[in-house]
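# Observations on chain architecture
Listed here are the chains, written in short residue letters.
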Amino acid sequence: MRNTIITFLLLLSVSMFGQMYNPVKWTTTVEKISDKEFLLKAQAKIQSGWHLYGQYIEEGGPSPTAFTFKNQPKKIELIGKTTEDKGHETVDKIFDMKIKYFEDKALFTQKIKFISDDVSNIAAEVDFMVCDDSNCLPPSTEELTFKIPSEKKLASVEENPIVKKVSVIEEEKSVSQTEEKKSKQEITGSPKKTESRGLLTIFILAFLSGFAALLTPCVFPMIPMTVSYFTKQSKTKAAGIRNAMIYGISIVIIYVLLGSIVTAVFGADSLNALSTNVWFNLIFFILLVVFACSFLGAFEIVLPSSLANKVDSQADRGGLIGIFFMALALAIVSFSCTGPIVGTLLVEAASKGGIAPIVGMLGFSIAIALPFSLFAAFPGWLNALPKSGGWLNTVKVVLGFLELALAFKFLSNADLVLQLHWLEREVFLAIWIAVFGMLAFYLFGKITLPHDSPLNHISVGRLGFGLIVLSFTIYLIPGLWGAPLKLISGFPPPMQYSESPNGLGVSGNSELKITGSLPEGAEHGPQNIITFHDYDKGMEYAKKVGKPVLLDFTGYACVNCRKMEELVWSDPKVLGVLNNDLVLISLYVDDKKELPESEQYVSETTGKKIKTIGNKWSDLQIKTYKANAQPFYVIVDNNSVNLTEPSAYNPNIEEYYGWLQSGIGKFKK
């Protein structure tokens, strides 16, 4: 009885944590060109957060969208290929290729010519695949019908929509999008809102950049001067604190307004699309190099003096307006130091899209405004501030080196999109090693730049920072020979985009095969883990060795599956568990190999015919776990009973490791 209750609760848990996704709706219309020629239009409406892949993707990438028109050749003639919208293009680091995808909607058009007049409708099939930031659905096939309306109705395309919904289970059509999103978040390991985390990162980086801007020669000396002005001009201490607070709020308003203008001009949705645009990356590479040269002392970037004079004259008006113009005067006067930092922040925020520029300017301005307000409230703290001197120029130079290093990231993006192989991984790392190596020499006083004061000795702080930079430079060097360099993952080009993709002196890098015999039906999978691709053989081996099973519902075209295998499974703790404590069964839902005729069947769940191995594993996932997205992980015992709730994409190593240990612990009880 106790075992029955436990089994029931586990099955109930699976039904709660599983979910079905239905992110695409198709609409078909027909447009008349002439008496014999027509345009067949298939419109895909894509749920927010998901993307549909284009038709023309190289072999080895995600499954492309493909249309098949079934009418006999004697009745219609296809004119040219099926065309598609412009969409978005990006260089995927996992597949190391340019991939086209669509968001929100996509229109596919096929021109046809009638050979026979007795055609009332045209049947077609569309094969497609959709993914979001954490899941990829297995390739799906849907039937479409293009009705040829009467002569009168052909005048308006909009009068004849024929809606075909992409659905895995019929009753799922009534599930609202809100419920789907809620269900999605209930799966263990399902990521938090990526957008929120991205904005938080932008805010923190901007906040730290604001503190860096405070330590420049254009801003730092203004702190005691401004605080002294407010404390002396105000009749009471409370009035001085109030005016300083208004001054700080004015600084925040000015910079947030700047971020709002950038968002309004470019558009919140279009900014993110620019991140893979070649010209966008080239222009900002040049901008950051200019900013870096300015910080290194080649020249100064200043706004027209007439503008500064006009704003300064308004600051004498007094009251709230005067205080606001004082803050504006600070922003203008300090532009030669803060301009490059603000420009860099806006560039980086623009590549994230949405309201990131506003969030970035909010973080930056708060860091700038805080000291003025705090020191006005506690004037005695001013005595603890270090005196202005040559160290302020050192801060500018350090920022210049950092801007120069960041600039090559944008140049690398352009090179990846164009696939020119001019800035491959080794070249990129060599440039970074040179930049940070020169920064280390500068901090140790071996080289000097314009505007530097004579350096008689090195302070302990400068020496410590120099040692950190030197250590980082040395850390980069093994990357030239194939080291993964996880500390800067995402900055240099991927390992595949290099002169020696497998590392120097080896033929397989992380894919080296471990010697020794393998169990029947197994092979070496990701990270050389012994992996089964057949459910029955894997379960049979697990019973033999007395270990629990990790079911890995995955796909060859699943980007996040590769991320989990490369970033999470490579961790020593996780890898140790996967090698020693579990039997891994990886079931590829997009495996196109056909099943023998005797093993093909019609799914009880979806009503579709199961023809391929991938169809079989996808049907198993849908039927057993009421889920159809990948990656999807389940830990089961030797009787296929769940030991813990399923897990989805989860790049947090500690959480994923804890989830594995939880399942193993229940197996041992």
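Residues numbered from 1 in each chain as written. Predicted model: local features only at pLDDT ≥ 70, side-chain atom pairs only at ≥ 80, totals over all residues. Heavy atoms only, no water.

## Remarks on the overall build of the protein
Defined as follows: In this text, helices come from DSSP runs of H or I with a minimum length of four residues, and strands from runs of E with a minimum of two, each type numbered from the N-terminal end. Under the scheme applied here, a residue whose accessible area is under 20% of the maximum for its type counts as buried, over 50% as exposed, and between as partly exposed, the area being computed with a 1.4 Å probe on protein chains only. In this description, contact between two residues means that some pair of their heavy atoms is separated by no more than 4.5 Å. Accessibility throughout is a Shrake-Rupley quantity obtained with a 1.4 Å probe, and a residue counts as covered only by protein chains that appear here.
Within the protein one finds 19 helices and 19 strands. For the protein, with 669 residues in total, the buried portion stands at 47%. The contacts in the protein between residues at least 6 apart in sequence include a share of 72% that link residues at least 24 apart. When the accessible area of the protein is evaluated, it comes to approximately 33200 Å², of which 60% is carbon and sulfur surface.

## Things to note about the nonpolar core
So the rule is basically this: To form a nonpolar core, buried Ala, Val, Leu, Ile, Met, Phe, Trp, Tyr and Cys residues must be joined to one another through side-chain atoms within 4.5 Å.
Phe-401, Phe-410, Trp-432, Phe-436, Leu-439 and Leu-476 are the most contacted members of the largest nonpolar core, which has 30 residues in total. At the level of elements, helix 7 (278-296), helix 12 (390-418), helix 13 (425-443) and helix 14 (460-476) are the ones that each hand at least two residues to this core. Element by element, the count of residues in this core is highest for helix 13, at 10 residues. Listed in part, the 29 residues of the second largest apolar core include Val-24, Phe-102, Ala-106 and Ile-148.

## With respect to the packing of helix 13 against helix 14
What counts here: Between N-to-C directions, angles cover 0 to 180 degrees, with each direction set by a line fitted to C-alpha atoms, over the stretch in contact for helices. If an angle is under 35 degrees, it is roughly parallel; if it is over 145, roughly antiparallel; if it lies from 65 to 115, roughly perpendicular; otherwise it is oblique. Crossings are sorted by hand: turned counterclockwise from the far helix by less than a right angle, the near helix makes the crossing left-handed, and turned clockwise it makes it right-handed.
Between helix 13 and helix 14, the shortest axis-to-axis distance is 9 Å and the interhelical angle comes to 160°. On the basis of the axis angle, helix 13 is roughly antiparallel to helix 14. Considering how the two elements wind past one another, helix 13 and helix 14 form a crossing that is left-handed. Only Arg-462, Phe-465, Gly-466, Val-469, Leu-470, Phe-472, Thr-473 and Leu-476 of helix 14 make contact with helix 13, whose side of the interface consists of Trp-432, Ile-433, Phe-436, Gly-437, Leu-439, Ala-440, Tyr-442 and Leu-443.

## Some thoughts on the pattern of salt bridges
So the rule is basically this: Here, a salt bridge means any side-chain nitrogen of Lys or Arg that lies within 4 Å of a carboxyl oxygen of Asp or Glu.
Per the stated rule, a full pass over the model turns up 6 salt bridges. Ionic pairing is found between Lys-573 and Glu-654, a salt bridge with its closest N-O pair at 2.5 Å. Taken together, the residues Lys-573 in helix 17 (residues 572-580) and Glu-654 in helix 19 (residues 653-668) connect sequence positions 81 residues apart. Of the residues examined, Lys-573 reaches a relative accessible area of 35% and is grouped as partly exposed.

## Let's talk about the sheet that holds strand 9 (residues 121-128)
We count it as follows: Two strands are counted as paired when DSSP detects at least two bridges linking them.
Within the open sheet, the 3 strands sit side by side as 4-9-11. Their pairing is antiparallel. With partners counted over all chains shown, the strands left at the sheet margins are strand 4 (66-69) and strand 11 (140-147), one partner each. Neighbouring strand axes in the sheet, compared pairwise and without regard to direction, differ in orientation by 25° on average. Examined bridge by bridge, strand 4 and strand 9 share 4 bridges and lie antiparallel to one another. Looking at the pairing, Phe-67 lines up with Val-126 of strand 9.

## Side note on the confidence of the model for the protein
Let me state the cut-off plainly: The predictor reports its confidence for every residue as pLDDT, a score running from 0 up to 100.
Averaged over all residues, the pLDDT of the protein equals 74, while 68% of them reach at least 70. Note on residues 152-195: pLDDT is under 50 here. Beyond four places in sequence and across chains, it has 91 contacts. Under a pLDDT of 50 for its full length, residues 267-276 has, in the predicted model, 26 contacts with residues more than four places off or in other chains.

## Digging into the packing of helix 17 against helix 19
When two helices pack together, their arrangement is given by the angle between the helix axes and by the axis-to-axis distance. At a minimum axis separation of 9 Å, helix 17 and helix 19 run at an interaxial angle of 25°. Compared by their axis directions, helix 17 and helix 19 come out roughly parallel. Relative to helix 19, the crossing made by helix 17 is left-handed. Residue-level contacts link Lys-573, Val-574, Val-577 and Leu-578 of helix 17 to Ile-653, Glu-654, Tyr-656, Tyr-657, Leu-660, Gln-661 and Ile-664 of helix 19.

## Here we look at a nonpolar patch on the surface
As a reminder, the rule being used: Residues qualify for a patch when their relative accessible area is over 30% and they have no salt bridge, like charges being joined within 9 Å and the nonpolar side chains of Val, Leu, Ile, Met, Phe, Trp and Tyr within 5 Å.
Taken together, the side chains of Leu-455, Ile-458, Leu-463, Leu-467, Leu-470, Ile-474, Ile-477 and Trp-481 define a hydrophobic patch exposed on the protein surface, amounting to about 690 Å² of accessible area. Along the polypeptide, Ile-474 turns up in helix 14.

## A short note on the packing of aromatic side chains
For any pair of aromatic rings, the description consists of the separation of the ring centres together with the inter-plane angle of the planes. Which entries qualify depends on this criterion: When the centres of two rings from Phe, Tyr and Trp lie within 6.5 Å, Trp using its six-membered ring, the rings pair. Their planes under 30 degrees apart give stacked, over 60 give edge-to-face, and anything left gives tilted.
Inspection of every chain in the model, using the stated rule, returns 20 aromatic pairs. Note on Trp-26 and Phe-108: the rings are 6.0 Å apart at their centroids and 40° apart in plane angle, and the pair reads as tilted. In this pair, Trp-26 sits in strand 1 (residues 24-32) while Phe-108 sits in strand 8 (residues 105-114), placing the two residues 82 residues apart along the sequence. A single burial state applies to Trp-26 and to Phe-108, both of which are buried. Judged by centre distance (6.4 Å) and plane angle (25°), the rings of Phe-472 and Tyr-475 are stacked. In this pair, Phe-472 and Tyr-475 are both assigned in helix 14, 3 residues apart and thus about one turn of the helix distant.

## Examining helix 15 (residues 535-545)
Put simply, the rule reads: The directions considered for the arc are those from the helix axis to the C-beta atoms. Polar contacts, as used here, are pairs of N or O atoms within 3.5 Å; protein pairs need one atom able to donate a hydrogen and one able to accept it. Residues neighboring in sequence count only if both atoms are side-chain atoms.
Among all positions of helix 15, only Tyr-535, Gly-538, Met-539 and Ala-542 are buried. Across the axial projection of helix 15, the buried residues extend over an arc of 95°, all falling on one side. The exposed set on the far side of helix 15, more than 90 degrees from its buried face, consists of Asp-536, Glu-540 and Lys-544. Where the residues of helix 15 are buried, they touch strand 14 (530-532), strand 15 (549-554), strand 16 (583-588), helix 18 (613-625) and strand 19 (632-636). With a side-chain oxygen lying 3.1 Å from the backbone nitrogen of Asp-536, the N-terminal cap of helix 15 falls on Asp-534. Looking at the residues trailing helix 15, positive phi occurs at Gly-546, about 70°.

## Side note on the pairing of strand 19
Along strand 19, 5 of the 5 residues are buried, which leaves the element largely enclosed by surrounding structure. The alternating pattern of strand 19 places Phe-632, Val-634 and Val-636 and Tyr-633 and Ile-635 on opposite faces, both of which are buried. Pairing of strand 15 with strand 19 involves 5 bridges; the strand directions are antiparallel. Note that in strand 19 the partner of Phe-553 across the bridge is Phe-632.

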